[in-house]
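These are the residues of each chain, in order.
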Protein chains: 2
Amino acid sequence: MTYTIGIDMGGTNTDMGLVRSDGAIVLRRNIPTNAYTQLEPYVKDMMAEIKSMLDEQGVEIDGIGIGAPNGNFYTGCVDNAPNLTIKGVLDFGKEIHKYMEVPVVLSNDANAAAIGELVYGGAKGMQHFIMFTLGTGVGSGIVVDGKLVHGSTGGAGELGHNILIPEGRQCSCGRKGCLETYTSARGIVQTFCELRKEMGSKETKFGWIAPSVEDKDITSKMIGDAANAGDPVALATYEKTGYLLGLAMANAVTFSAPEAIFLMGGPTKVGEPLMKPLRESFKKHLLNIYEGSCDVRMSELNANEVAILGAAALVKMKK
Amino acid sequence: MTYTIGIDMGGTNTDMGLVRSDGAIVLRRNIPTNAYTQLEPYVKDMMAEIKSMLDEQGVEIDGIGIGAPNGNFYTGCVDNAPNLTIKGVLDFGKEIHKYMEVPVVLSNDANAAAIGELVYGGAKGMQHFIMFTLGTGVGSGIVVDGKLVHGSTGGAGELGHNILIPEGRQCSCGRKGCLETYTSARGIVQTFCELRKEMGSKETKFGWIAPSVEDKDITSKMIGDAANAGDPVALATYEKTGYLLGLAMANAVTFSAPEAIFLMGGPTKVGEPLMKPLRESFKKHLLNIYEGSCDVRMSELNANEVAILGAAALVKMKK
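Conventions and cut-offs
Starting from 1, residues in each chain are numbered consecutively following that chain's sequence as written. Chain letters and ligand numbers both follow the written order, the letters beginning at A and the numbers at 1. Totals for whole chains, interfaces and linings use every residue, but because this is a predicted model, local features are given only for residues with pLDDT of at least 70 and side-chain atom pairs only at 80 or more, for both listing and counting. Here exposure depends only on C-beta density: within 10 Å of a residue's C-beta, 20 or more other C-beta atoms make it buried, 12 or fewer make it exposed, and intermediate numbers make it partly exposed, the C-beta atoms being placed from the backbone. The way it works is that DSSP assigns letters per residue, a run of H or I at least four long becomes a helix, a run of E at least two long becomes a strand, and they are numbered from the N terminus. Two strands are counted as paired when DSSP detects at least two bridges linking them. Here contacts are defined at the residue level, using C-beta atoms placed from the backbone and a cut-off of 7 Å between them. We call Asp, Glu, Lys and Arg charged. Ala, Val, Leu, Ile, Met, Phe, Trp, Tyr, Cys and Pro are nonpolar, and the rest, Gly among them, are polar. Alignment of copies: least-squares fit on C-alpha atoms of residues with pLDDT of at least 70 in both copies.

Concerning helix H9 (residues 306-316) of chain B
Part 1 of the argument: Most of H9 of chain B sits out of view: 10 of its 11 residues are buried.
Part 2 of the argument: For H9 of chain B, the full list of buried residues reads Val306, Ala307, Ile308, Leu309, Gly310, Ala311, Ala312, Ala313, Leu314 and Val315 of chain B.

Written out as structure tokens, the structure reads:
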């Protein structure tokens, strides 16, 4: 057995785990990212936690993997991530090497999730697959020939910003109609709010989310619960979301002809209300030459472990 | 200098060329594909022509590359191509090896064009780029990390069948709204015919293609000439075509973050009436993180050489 450190750097918290090569997270630690405004003290405290894990377990590690917003694989830096209190271009490798001479590999969260699935999850042994992560936004990680696609800039695999509906919904990226505007948690809430206005007169009064609840107080979790309780507006919301996501996934297949498309993240927890229309739409929109060669699957990793496992897996991936 | 045979297998003709490693086609031969219904006599006559080229030039070759409809790189076979008079699964490697023990590499036309650009054209030295080929259909070839993306089936890189307009125009593939239905030669003609109905009352009478010309007699070449002569309907046709193709190309960038997107084929010969709106749309729809890292370029290969050069280049590509 070998050991690896996986670090999930979020805007609020930084989760660290000591990961064994069979995919078990044997120890975990946590520091508050937003308590820091400089890289040096942040890495100093991070390394103290890592050292304490290694001492406690009495093991050495083969590397440190970091999943971070705006993480660039090529430079090993976090590039001006808007949601971090530590500003600027953060060179983690350089800073960590002051404490420990091990390989440091960094990428964004969705890429890390893809490699986590490849090394520890349902994509073991696959040469070609795509991971979609649904959350506040929509991310993706693409594996071709067993390797993560980084592209010429390090920024490949941003399928959440594929324009699905030309001149469609306004996206936070400044453009319109991105997949993310329809299938992120926020996009799902927007669809629900639109549909309850449209369907309201004849249907919402029987529904699960009372008409008196204001749009701004609705969460995708509430819509998921409502769908599973049979609310017609919530079900229609997931019909639309699944339709669009299935279409986007079928489009992605025309690029790399993957063996599977994996899906993970909070908004997928609703289950069948999303997955049924998604599978139907994927099948309907898949080009005939790909029939039977690719299916849509849920991630096989635990939701509360995937970020650390994915980060650790970055160290294990084929360069 | 080394030499390679490149074969462009079309439904009507099969063009063969003896290609020198500097990209010069030193000899060419031709046999009529549609005179054959069986693979054996077809390959027999093909090999006789190849042998005559090698004898005439007094050289040996490092391999034979074939660009063919439905050509599958992994199997080395042409799989049931609907437009060929020779039916079934055609195992070229096996048949050619009866005559000559050299590597035989086969792929579809668009993949061959991409590798032609990489080995002999404007993509020399690039690690990441995408080729779009416009013709009767729309094909694509995708290069990631210096290698062609074949995917799990050999059928990757079918961006002409990316669904650009959900529930849009009927495509010959049976689905709706594929890029091909808008930006192939046929798609351009359809757009023109639609627009001249819409714009007709106030504009077509001043235009270049007389209203008396029936829809079925209009070709994309005529529309190209009309656009360059200032016909407003033809110009509006390319405005729409360029807008949609630029959008599709910007979407493709979110996948592999290429250094460049190349474009070739008959419908591109019109020049600026297509390229100007295409570049504007590409710029407008490109996600901000890719700004300045990728541009749209015309293929640097001669239109009448690209198919043979691309086929020959297949032998030279990184596996």
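Description of the sheet that holds strand S5 (residues 71-72) of chain A
All names here are of chain A.
Part 1 of the argument: The three strands are arranged S5-S6-S7 in an open sheet whose pairing can be described as antiparallel. This sheet does not close on itself; its edge strands, each paired only once, are S5 and strand S7 (89-91).
Part 2 of the argument: Direction of pairing for S5 relative to strand S6 (residues 77-79): antiparallel, over a ladder of two bridges. Residue pairing in the sheet places asparagine 72 in a bridge with cysteine 77 of S6.

A word on the interface of chain B and chain A
Part 1 of the argument: Listed by partner, the interface residues are 33 residues for chain B and 33 residues for chain A.
Part 2 of the argument: Where the side of chain B that touches chain A is concerned, the elements lending two or more residues are strand S10 (138-144) and helix H7 (232-256) of chain B.
Part 3 of the argument: The element that contributes the greatest number of residues to the side of chain B that touches chain A is H7 of chain B, accounting for five residues.
Part 4 of the argument: Each residue belonging to the side of chain B that touches chain A can be placed in one class, and the counts come to 15 nonpolar, 15 polar and three charged.

Some details on the sheet that holds strand S5 (residues 71-72) of chain B
Part 1 of the argument: On the basis of which strands lie adjacent, the open sheet formed by three strands has the order S5-S6-S7 (chain B) and antiparallel pairing. The open sheet has two edge strands with one neighbour each: S5 and strand S7 (89-91) of chain B.

Regarding the relation of the copies chain B and chain A
Part 1 of the argument: Relative to chain A, chain B is turned by 180° and slid 0.0 Å along the rotation axis, the superposed coordinates differing by an RMSD of 0.0 Å. Given the turn and translation reported, the copies of this chain are related as if by a two-fold rotation axis.
Part 2 of the argument: Comparing interface residues between copies, 100% of those in chain B also lie at the interface in chain A; the contact surface is shared.

A look at the pairing of strand S3 (residues 25-32) of chain A
A regular strand places its side chains so that they alternate between the two faces of the sheet.
Residue and element names in this part refer to chain A.
Part 1 of the argument: In terms of strand pairing, strand S2 (residues 13-20) meets S3 through seven bridges, oriented antiparallel. Across the sheet, residue asparagine 13 finds its bridge partner in S3, namely proline 32.
Part 2 of the argument: Here S2 folds back onto S3 in antiparallel fashion, the turn holding four residues, of which glycine 23 has a positive phi close to 95°.

Any functional reading would require information that these geometric values do not contain.
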